[in-house]
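Take a look at the letters that make up each chain.
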Amino acid sequence: MNFATLKINQQQWRAAGQRLIEMAIAEFLYEEIIEVKALSAGRYQLDLGNRQYEFQGHQYRLGHWNIQEGSVRDVSHVQQCDQPAWNLHEFIVAMSDKSNVKPFTKAYLIKEMNNTWLAEAHLFDETRLPSTAVLTEPHYKVEGMLRGHPWLMMSKGRMGFGYDDYLSAAPELSPEVKVLWLAVHRDLAEFRSTEQWNACGLYQHEFDANELQQFNNTLKEKNLDPQNYFLIPVHAWQWHQWLVPTYANEIVDQKIIELNISQDSYVPMQSIRTLCNTSNLQRHYIKLPVSIFNTAVYRGLPSKRNLAAPAVTAWLKQIHQQDQDLQKTGVIFLGEVATLTIHQPCFDQIEGAPYQFKELFGCLWRESVDRYVDPSQQVLSQAALLHRDISGQSILGVLIQASGLSPLAWLAQFAQVCLSPLLLCLYRYGLAFSPHGENTMLVHENGVPKALVLKDFIDDINLVDEDFPELAQLPVEADLLLRHEATDLSHFIFTGLFMVHYRYICNVFVQDYPEYSEIDFWQTISNSIVAFQQQHPELAERAEKFAMLRPSYTKICLNRVRLFTTSYNDEAERPVPVFLDPIANPVSPETLAEWSAQQAKSKAG
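Predicted model, so just to flag it, every value in this text is computed and none were measured. (Residues numbered from 1 in each chain as written. Predicted model: local features only at pLDDT ≥ 70, side-chain atom pairs only at ≥ 80, totals over all residues. Heavy atoms only, no water.)

A. Just the UniProt feature "domain: Aerobactin siderophore biosynthesis IucA/IucC-like C-terminal" (unreviewed entry) in the protein chain, in detail. Here the UniProt-annotated "domain: Aerobactin siderophore biosynthesis IucA/IucC-like C-terminal" (unreviewed entry) positions come out as residues 409–567. A distance of 44 Å separates the end C-alpha atoms of residues 409–567, which is 52% helix and 16% strand. (UniProt positions renumbered as here; feature names shortened; annotations may be inferred. Helix = DSSP H or I, 4+ residues; strand = E, 2+ residues; numbered from the N terminus.)

Structural data, given as structure tokens:
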């Protein structure tokens, strides 16, 4: 048996602990879990009972924090005062005690934090790609450069993975992944697709003819008719941990047949369970259940949503085809063009079972972005816009420099490219995506933003709870999409874009370009919204209804869910965020006027 030996050293371990403590202080302050006392200009004290920390940093006007790298000191220990605090265990225990986190939650929190700390330590490796690589490397290589979720502290918790699984499946290591192909009897499986992709056409696209023939021969050798089976890939972890024990009955009855390991190689994207085919970039991405607990939920494939995905994609594609304004924005919808959903004879019968038991086995085929990108263009995950390499250089800065544009001109172009299609979908169709960095990509030409790429529809699109005539063509499958009041729906841009994504881009922007302020950043984003609304007077009533520019929004918290509400309990439904008192909307003209007045006053003072 092969044992995975630890691939990090003490320096990497401590550097990762230091970075995560800085992140924890910033995010826990933002979510009002902890509070600090100002000691002097830019210097603060954090009292966690039996531990006291001091650090340098500042609070942005939006309420979040920048903690100066390397400035956090554990002042409760004289011998530790002269070096940056790095012991994440001590910090988390003290924070949990101070915040009255329950012992059950605390133990699991430390377990999940250990996984994150270990994963983070692997990123302090001098051989990793520098930020400049985004100008030469394909998008799937960029995925392997990234750190993961910027807001959730336990961003790489992956509960269920062993260290061997981490080394063979974690996106930040860009491992070469093979999938196992199975044949599943049609009695167990439901295939859905858009008109363009029947099962036969899909398999001809995804396999070379000889590989497909070999699969058919395997079935014929067992005296089975290939016409009675669908082909489906599975992730190695899911196969070993869940599918063999759960479906052993169906395997011995030859309802499920093991065929072969894929000829094609894949690499995991940011979400781990979505794999990009690196042997043939025109082939679809495959999204597979990997039922680990990561960034707040189990990463299965919800059966009802999987069944509905192709019909929702067909509707989105139809909107795009009929709407010239949408086409002019350049937006690209990566269609979820085919799905296989496999029934589970036991678990499916249990009403109210924890949701992960209903998400074990299936596949979603999503279009590859490569078919949409011109040879003169490149594409990358928008999560990359938050990234700094080990030397501190940002990907954002690399793109801005390559573009030849001034930083603010680049930002204005970026905002227009990304916000125009989102606002058009929101105002015209009452349709909101969850457009954070992992769900979106950016097409650029020598660094100049050209188009927004949207993906992950079925999991993350929501509709207005009114009968907009533009929703008349909605398929019945879309009935399972959640509906919200107009002002709640605009939250998906406020929280899903501004809070999960742009507040971090803002940090990178003002750190790289100190001649600009946080106000300059948000004013540029606001200008883009105002310009869009002026260009579309026919949507004025809708713009008013969704009130994107209102002065405040409810504050949403993610870390509090794990610490205080859902904790690590097995629930029948996925957890929901925690809401706090409203905060200022950074794109509201009222907020920006107030911030500008405060800035002028402090300069005068």
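That shown, we press on.
B. Representation of the layout of surface pockets in the model. The space that makes up the second largest pocket amounts to roughly 1,000 Å³. R19, R147, L386, R388 and Q511 are, among the 32 residues lining the second largest pocket, the residues nearest its centre. Of all the elements in the fold, those that place two or more residues in the lining of the second largest pocket are α1 (10–30), β4 (65–67) and α16 (491–512). Of all the elements, α1 adds the most residues to the lining of the second largest pocket, at seven residues. Partitioning the lining of the second largest pocket into residue classes produces 13 nonpolar, eleven polar and eight charged. Counting the residues that make up the lining of the second largest pocket, at least three belong to each of domain 1 (10–132) and domain 3 (376–550 + 585–604). (1 Å grid on protein atoms, 1.4 Å probe; cavity = no way out; pocket = protein on both sides within 12 Å on 5 of 7 lines; lining within 4 Å. Points joined across faces, edges and corners; volume = space filled by probe spheres on them. Nonpolar A, V, L, I, M, F, W, Y, C, P; charged D, E, K, R; others polar. Domains from an automatic or database assignment.)

C. Just empty space enclosed by the protein, in detail. This structure, assessed with the given rule, holds three cavities of 30 Å³ or more. Of the voids in this model, the largest cavity is the one considered here, and its volume is about 80 Å³. Around the largest cavity, the lining is made up of 13 residues, and of these F293, Y298, Y355, N569 and E571 lie nearest the centre. Residues belonging to the lining of the largest cavity are distributed by class as follows: six nonpolar, four polar and three charged.

D. A look at the domain arrangement of the protein chain. Each assigned domain of the protein chain is listed with its residue range as follows: domain 1 (10–132), domain 2 (176–369) and domain 3 (376–550 + 585–604). On a C-alpha basis, the centroid separation for the pair domain 1 and domain 2 is 40 Å.

E. Representation of the side chain of S517. Mapped onto the fold, S517 is located in the loop between α16 and α17 (518–535). Residue classification places S517 among the buried positions, given a relative accessible area of 19%. In this structure the side chain of S517 is engaged in a polar contact, spanning 3.2 Å, whose partner is the backbone nitrogen of I519. (Buried < 20%, exposed > 50% of the residue type's maximum accessible area, 1.4 Å probe, protein only. Polar contact = N/O pair within 3.5 Å; in protein donor to acceptor, adjacent residues only side chain to side chain.)

F. Representation of the packing of aromatic side chains. Applying the stated criterion across every chain, the model contains 37 aromatic pairs. A ring pair is formed by Y203 and F207, whose centres lie 6.2 Å apart and whose planes are at 35 degrees; its orientation type is tilted. As far as burial versus exposure is concerned, Y203 and F207 are alike and both buried. Ring geometry for Y427 and F546: centres 6.0 Å apart, planes at 20 degrees, overall stacked. Residue Y427 is found in helix α13 (residues 407–429), and its partner F546 is found in helix α18 (residues 540–546); the two are separated by 119 residues along the sequence. Pairwise contacts between aromatic rings join W410, F414, F494, F498, Y502, F509, Y513, Y516, F521, W522 and Y553 into one cluster. (Phe/Tyr/Trp six-rings, centres within 6.5 Å; stacked < 30°, edge-to-face > 60°.)

G. Region of the structure containing the sheet that holds strand β11 (residues 274–277). An order of β7-β16-β17-β12-β11-β10 is seen for the six strands of this open sheet, with the pairing classed as antiparallel. The sheet terminates laterally at β7 (189–193) and β10 (266–268), the two strands that pair on one side only. On average, each strand axis in the sheet is inclined to that of its neighbour by 20 degrees, with strand direction left out of account. Looking at chain direction, β7 and strand β16 (residues 336–342) are connected through five bridges and run antiparallel. Across the sheet, residue F191 finds its bridge partner in β16, namely L340. Here helix α6 (residues 199–206) sits on the sheet in contact with β7, β16 and β17 (362–366), set at roughly 70 degrees to β17. Here helix α10 (residues 303–322) sits on the sheet in contact with β7, β16 and β17, set at roughly 155 degrees to β16. (Pairing = 2+ DSSP bridges. Axes fitted to C-alpha atoms, helices over the stretch in contact; angles between N-to-C directions. Contact = heavy atoms within 4.5 Å.)

H. Here's a closer look at the UniProt feature "domain: Aerobactin siderophore biosynthesis IucA/IucC N-terminal" (unreviewed entry) in the protein chain. In the numbering adopted here, UniProt assigns the feature "domain: Aerobactin siderophore biosynthesis IucA/IucC N-terminal" (unreviewed entry) to residues 144–387. The straight-line gap between the two end C-alpha atoms of residues 144–387 is 11 Å; of that span, 28% is helix and 24% is strand.

I. Structural view of helix α3 (residues 103–122). The first and last C-alpha atoms of α3 sit 29 Å apart over 20 residues, in line with the 28 Å expected at 1.5 Å per residue. Listed in full, the buried residues belonging to α3 are T105, K106, L109, I110, E112, M113, T116, W117, A119, E120, A121 and H122. Packing partners of the buried residues in α3 comprise α1, α2 (88–98), α5 (163–169) and α19 (559–565). (Expected span 1.5 Å × (residues − 1).)

J. Focus on the nonpolar core. Membership of the largest hydrophobic core comes to 91 residues, with the highest contact counts inside it found for Y427, F433, F498, Y502, W522 and I525. In terms of nonpolar packing, the next biggest core, distinct from the first, is built from 50 residues, V179, A183, L224 and L360 among them. (Core = buried A, V, L, I, M, F, W, Y, C linked by side-chain atoms within 4.5 Å.)

K. Structural view of the packing of helix α12 (residues 395–403) against α16. In the contact formed by α12 and α16, the axes pass within 9 Å of each other and the chain directions differ by 65 degrees. Crossing angle aside, the handedness with which α12 passes α16 is right-handed. Mapping the contact onto sequence places L396, G397 and I400 in α12 and I505, V508, F509 and D512 in α16. (Left-handed = near helix turned anticlockwise from the far one by under 90°.)

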